[in-house]
Amino acid sequence: MTLIRLSFSNFKRSVHEYGALILALSFSIFIFFNFQNIIYSDSMDVLQSMNKDYIDMVVTAASVVFGVFLFFFIWYATNVFLNQRKKEIGIYTFMGLDNTRIGKMYALEAAFIGLFSLIAGLAAGAGFSKLFQMLLLKLSDIQADIRFSFTWKPVLTTSVLFLVIFGIMIIKGYVSILRSSVLNMLSGAKQEEMKPEKGWLTLLKVIAGIGVLAAGYVCAVQTGEIDTLGYALMAVILVIVGTYLLFGGAIPYFVRRLTGKKRFLYQKQRTLWLNSLSYRIQRNYRTYAMVTILMICAVTVLGMSIAMKQRYDKMVHFKDTFTIQVVAQHELDPAEIKEGIEQTNKVEYSAKVSYLMLDPSYFHTKFVNQSYAILPYSEVKNTANQSGLPFEYAELKQDEVIELSHVILMSFVGHDENKKIQIGEDQFTVMADDDTPFLGNMQEAMSIYVVNDEVYKKLEPLGLTFHLYNYKLKDPSNLNASMPYLKSLAEQDESGNYQVGISYVNPESKAEAWIRVMYSLCVFMFVTLILAGSSIIFIKLGNDSYEDKERYQVLMKLGIGKDVLGKSIKQEIRFTYYCPFVLMAVTSWFAIKALGNVMKEDLFRVNIYSAVSVLVVFTVVYLISVKVFRRRVLGE
C-alpha cells in the first residue's frame, strides 16, 4: 500500500474524530470567503459610492483581523492534531518506516484534512453566497435585489491565504516528526506544555497574573476620560497578558492547594477529577487562556454590534428631528412658512430659535472650529418644549455653559469633567455635553454653547444674530412636493450670499448605511469566534480522551463503577468549559463597559445577553463533549 493510499485510508477512518476541527475550519473559510465576496461582488452597489468604499474598507480590515485569527487557530489545531497522531503513526516505526516516511504520512493526512475543509468551506460559501448577502442586508435593514454572482477572486484569495497558513503548519509538523525519537512519538499525546517550576516562581506568576489583570480592568474603567485610546490599548494588552499568567500560575496554584485539603478532596468523589485536573491544567493553560480571550473577543464583538445599532438609530433620530430648516439673518413669519409648507405636506411640529454667531477669535478652546454659536438658555428650553425634546437642566449660572454636540458612532477623545472654556475675557465651566438635537443638523456644522440669558445679552453686540425655523413633516418621503415653495424662500444679497438659506433631510439618503453593514458583519464574527472557542476545547478534550482511555480502563478493572467515573468525567469537563466562561464573564463586564464609554451607550444588558449566548453554546458543547468522552474512555 502506498503512503498516499495509507494516509487517505487513515483520514477516512478517523474523519469523525476530526469532525470538530473540520467543521470549525470549514466555517471559518465560509465566513472569510463571503467577506471577500462582498468586496468583489456588486451586491453593495445599491448603496452610494462613498458607502461602498467604507464597506470595502471595513470588510478589508475585518478580513485582516480574521486572517490573523485563522493563523493562530490553525496553528493550535494542527499542534493538537500532530500530538494526537504521533503515537499512532509512531507505531509504523516497528513496521520498518523511518521518520521521513512517517513525516510524509502525517503531512499527507493533514493535507487531506486541509483540502477537505477548504473544499467544503468554499463550496458552502459559493452555494450560500446569495443567502449570506441576503441575510447581511436583512440584518442591515437595506432593501436590495440580490442576484447570484460568482467570481474567482474571492476563491483565489481565500484559497491562497488558507493554503499558505496550513502549508506552513504542515511543514512545521513534518520537521517536528523528523526530529522526534520513537519514544517521543509513542508518547506524543503526553507532551507537556508547561514544565515543573520552583515554588517561588509559581508564587511570582500568581501575584503577577492577578496584578496585571487587575491593572487591565482599571485601564478599561478609565476609558471615556482623557487619553481614552491609550487606556483602551493598555487594557487590551494587560488583559491578554494577565489571562495567560492567571491560567499559567494562579488557577493551577489554587487547584493544587485544593488537592492538599484532604477534608475537601475526599468529599463528593472529588479525588479522581480534582487530581486529574491539577495535573492537566498545567499542561492545558494555553488552551484555557486562548479560549477565554476568544470568548472575551466574541462578547465584545457582539456588544459592539448592538451598540453600533443603538448609535445608528440615535444618529437617524438626530437627523430626522427636523425635516426642513430655514435660517435667516432677519426675522421671518414662522406661521407663514408653515402655511406654505402645508400646501403640500402636513407639519407634525415646528420650533423657532435665535442664536448668535461669534468670530472664532473670541473662543479659547482645546479644539479649534471654524464656526461658533451662542444660544440663550430660555431659547433652548422653549425649542425643547415645542419639539418634545428632553431638557432637564436648571437655569445656568453666569459662569456656566452647556456644550451642544451631535451623535457620533464612537470617540476616543475622552471627556474632561472639569472642562473650562474662555469666551472673550470671561471663563466658563462646561456643565454638560449634550447631543440632543435642539438645532437639528445645524449642530453638526458648528460648535454651540448654551449660556445664561444675561450673558447672551452681554455678548450679543459682538456677533451676528441668526433665526432658525425648524419643521418636522409627518411624511418626510413626500419632501419633494414642498421643494418649489422652499426654493422660493431662498434669498441672496448682491454678493451672492444667502440671506435666507434652506436645509432639509433627504429621507432616501444612505449616508451612514455602511454602519448598518458593519454591525451586521460583527454578528457573523461573533458566531465564528464562539464556534472557534468551543471547537478548541472540544478538540483538546478529544486528545485527552485518547490519553485517559487506558487509565479509565485500569480504574474499572480495580472495581470503580462506571457511574462514579462518569461523574468524575462530568466534573472535569465542566471545569474545562465553565472556568474560562467565569473569567470571561468577569472580564467582559470591563470590556463592555469600556466599549460603552467610547460609544456613550449603556451596554449592561448587552453584556448580559452576550454572556448568556456564550453560556448556552458552551452548555450544548459541554453536554456533547461529556457524551463523546464517556463513549471513548468507558465504551458506552
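What you see is a predicted model; the values in this text were computed from it and never measured.

Student: It is not clear to me how the overall build of the protein chain should be interpreted in this structure. Could you clarify?
Tutor: In terms of regular secondary structure, the protein chain is built from 20 helices and 11 strands. Looking at the protein chain as a whole, 49% of its 636 residues are labelled buried. Taking contacts inside the protein chain between residues at least 6 apart in sequence as the whole, the part at least 24 apart equals 84%. Of the accessible surface of the protein chain, which amounts to about 30,500 Å², a share of 60% is contributed by carbon and sulfur atoms.

Student: What should I look at first to understand the pairing of strand β2 (residues 347-358) in this one?
Tutor: Every regular strand shows the same layout, with side chains that alternate between the two sheet faces. Pairing of β2 with strand β9 (residues 464-473) involves 10 bridges; the strand directions are antiparallel. Looking at β9, one finds that A351 is bridged to N470. Alignment of β2 against strand β4 (residues 372-376), held across three bridges, turns out to be antiparallel. The residue bridging M357 from the neighbouring strand is A373, located in β4.

Student: Where do I start with the nonpolar core in this structure?
Tutor: The nonpolar side chains of a soluble globular protein tend to be buried, and buried together. Formed by 120 residues in total, the largest nonpolar core has its most connected members in Y577 and V614. No other element matches helix α18 (residues 513-557), which puts 18 residues into this core. Those residues in contact with Y577 that sit more than four places away from it in its chain are S534, I537, F538, L541, F618, V621, Y622 and S625. Residues V327, L404, L439 and M442 belong to the second largest nonpolar core, which totals 22 residues.

Student: Any chance you could explain the packing of aromatic side chains here in plain terms?
Tutor: What describes a pair of aromatic rings is the distance from one ring centre to the other and the angle between the planes of the rings. Here the structure, examined in full by the defined rule, presents 18 aromatic pairs. Pairing Y217 with F590 gives two aromatic rings, centres 4.2 Å apart and planes at 5°, and the pair type is stacked. A residue pair is termed long-range when its members are at least 10 positions apart, and Y217 in helix α8 (residues 199-222) and F590 in helix α19 (residues 562-599) qualify at 373 residues. With respect to burial, Y217 and F590 carry one shared label: buried. For the ring pair Y355 and F466, a centre distance of 5.9 Å and an interplane angle of 15° mean the geometry is stacked. One end of the pair, Y355, is in strand β2; the other, F466, is in strand β9, with 111 residues separating them in the sequence. Grouping aromatic residues by their ring pairs yields a cluster made of F27, F30, F132 and F524.

Student: Could you clarify how one ought to interpret helix α6 (residues 152-178) in this entry?
Tutor: Since one α-helical turn is 3.6 residues long, residues separated by three or four positions face the same way. Along its 27 residues, α6 runs 37 Å from first to last C-alpha, staying within 8% of the 39 Å computed at 1.5 Å per residue. All of the buried residues along α6 are P154, V155, T158, S159, F162, I165, F166, M169, I170, G173 and I177.

Student: It is not clear to me how a negative patch on the surface should be interpreted in this structure. Could you clarify?
Tutor: A surface patch of like charges, here negative, comprises D333, E336, E339 and E342. Residue E339 is classed as exposed on the basis of its relative accessible area, which comes to 56%.

Student: Explain a nonpolar patch on the surface to me, please; I cannot follow it from the model alone.
Tutor: Judged by side-chain polarity, V221, W589, F604, I608, Y609, V612, V616, V620 and I624 come together as a nonpolar surface patch covering roughly 810 Å² of accessible area. At seven residues, helix α20 (residues 604-634) tops the list of elements feeding residues into the nonpolar patch. As for its placement among the helices and strands, W589 is situated in helix α19.

Student: Could you clarify how one ought to interpret the environment of L213 in this entry?
Tutor: Examined against the element boundaries, L213 turns out to sit in helix α8. C-alpha separation for the pair L213 and V241, spaced 28 residues apart in sequence, amounts to 7.6 Å. Sequence-distant contacts of L213, defined by excluding residues within four places in its chain, comprise V239, G242, T243, L246 and L583.

Student: Is there a simple way to explain the pattern of salt bridges in this structure?
Tutor: In total, this model carries four salt bridges according to the counting rule given. When the shortest N-O distance is used, the salt bridge between K309 and D313 registers 2.9 Å. Taken together, the residues K309 and D313, both in helix α12 (residues 285-320) and four residues apart, mark about one turn of the helix. The class of D313 is partly exposed, set by a relative accessible area of 38%. In this structure, D426 and K458 form a salt bridge, with 2.9 Å as the shortest nitrogen-oxygen distance. Taken together, the residues span a long stretch of sequence, with D426 in strand β7 (residues 426-434) and K458 in helix α16 (residues 453-459) at a distance of 32 residues. Since its relative accessible area comes to 54%, K458 is described here as exposed.

Student: Would you mind going over the pairing of β7 with me for this structure?
Tutor: The sheet contact formed by strand β5 (residues 400-404) and β7 spans five bridges and is parallel. Bridging from a neighbouring strand, L404 pairs with D434 of β7. Here strand β6 (residues 420-423) runs beside β7; their pairing, made up of four bridges, is antiparallel. Its bridge partner lying in β7, I423 is registered against D426. In sequence, β6 turns back onto β7 through a hairpin of two residues, with G424 there showing a positive phi of about 65°.

Student: How should I be thinking about the packing of α18 against α19 in this particular structure?
Tutor: Helix-helix packing is characterised by the crossing angle of the two axes and by the distance between the axes. One way to put it is that α18 packs onto α19 with a least axis distance of 12 Å and a crossing angle of 155°. Compared by their axis directions, α18 and α19 come out roughly antiparallel. Once α18 is placed against α19, the crossing between them reads as right-handed. The segment α18 lies against α19, with S534, I537, F538, L541, Y552, L555 and M556 engaging K562, L565, S568, I569, E572, I573, T576 and Y577. In terms of residue class, the contact of α18 with α19 is made up of 10 nonpolar, three polar and two charged.

Student: Explain the packing of α19 against α20 to me, please; I cannot follow it from the model alone.
Tutor: Viewed as axis vectors pointing N to C, α19 and α20 meet at an angle of 160°, and their least axial separation amounts to 9 Å. Overall, the two elements α19 and α20 adopt an arrangement that is roughly antiparallel. The crossing of α19 and α20 is right-handed. Its residues assigned to classes, the contact of α19 with α20 shows 20 nonpolar, five polar and five charged.

Student: When you look at the confidence of the model for the protein chain in this model, what are you seeing that I'm missing?
Tutor: Do not read the fine detail of predicted coordinates wherever pLDDT is low. Averaged over every residue, the pLDDT of the protein chain is 79; the share at 70 or more is 81%. pLDDT under 50 marks residues 189-195. Its contacts with residues more than four places away, or in other chains, come to 20 contacts.

Student: Please clarify how the side chain of K472 should be interpreted in this entry.
Tutor: With respect to the helices and strands, K472 occurs in strand β9. Although buried, K472 forms no salt bridge, and the nearest oppositely charged side chain, E348, lies 5.3 Å from it. Look past the residues within four positions of K472 in its chain and what remains in contact with it is D320, T321, T323, K346, V347, E348 and Y349.

Student: Sorry, what's going on with the environment of L246 here?
Tutor: Among the secondary structure elements, L246 is positioned in helix α9 (residues 228-259). The class for L246 is buried, based on a relative accessible area of 11%. Linking L246 and V212, residues 34 residues apart in sequence, is a C-alpha distance of 9.1 Å. Leave out the neighbours within four places in its chain, and L246 touches G209, I210, L213, I251, P252 and L583.

What counts, and where the lines are drawn
Residues numbered from 1 in each chain as written. Predicted model: local features only at pLDDT ≥ 70, side-chain atom pairs only at ≥ 80, totals over all residues. Heavy atoms only, no water. Helix = DSSP H or I, 4+ residues; strand = E, 2+ residues; numbered from the N terminus. Buried < 20%, exposed > 50% of the residue type's maximum accessible area, 1.4 Å probe, protein only. Contact = heavy atoms within 4.5 Å. Areas by Shrake-Rupley, 256 points an atom, 1.4 Å probe, with all protein chains shown as cover. Pairing = 2+ DSSP bridges. Core = buried A, V, L, I, M, F, W, Y, C linked by side-chain atoms within 4.5 Å. Phe/Tyr/Trp six-rings, centres within 6.5 Å; stacked < 30°, edge-to-face > 60°. Expected span 1.5 Å × (residues − 1). Patch = residues over 30% accessible without salt bridge, like charges linked within 9 Å, V, L, I, M, F, W, Y side chains within 5 Å. Salt bridge = Lys/Arg side-chain N within 4 Å of Asp/Glu carboxyl O. Lys, Arg positive; Asp, Glu negative; His and termini not counted. Charge placed at Lys NZ, Arg CZ, Asp CG, Glu CD. Axes fitted to C-alpha atoms, helices over the stretch in contact; angles between N-to-C directions. Parallel < 35°, antiparallel > 145°, perpendicular 65-115°, else oblique. Left-handed = near helix turned anticlockwise from the far one by under 90°. Nonpolar A, V, L, I, M, F, W, Y, C, P; charged D, E, K, R; others polar. pLDDT = per-residue confidence, 0-100.

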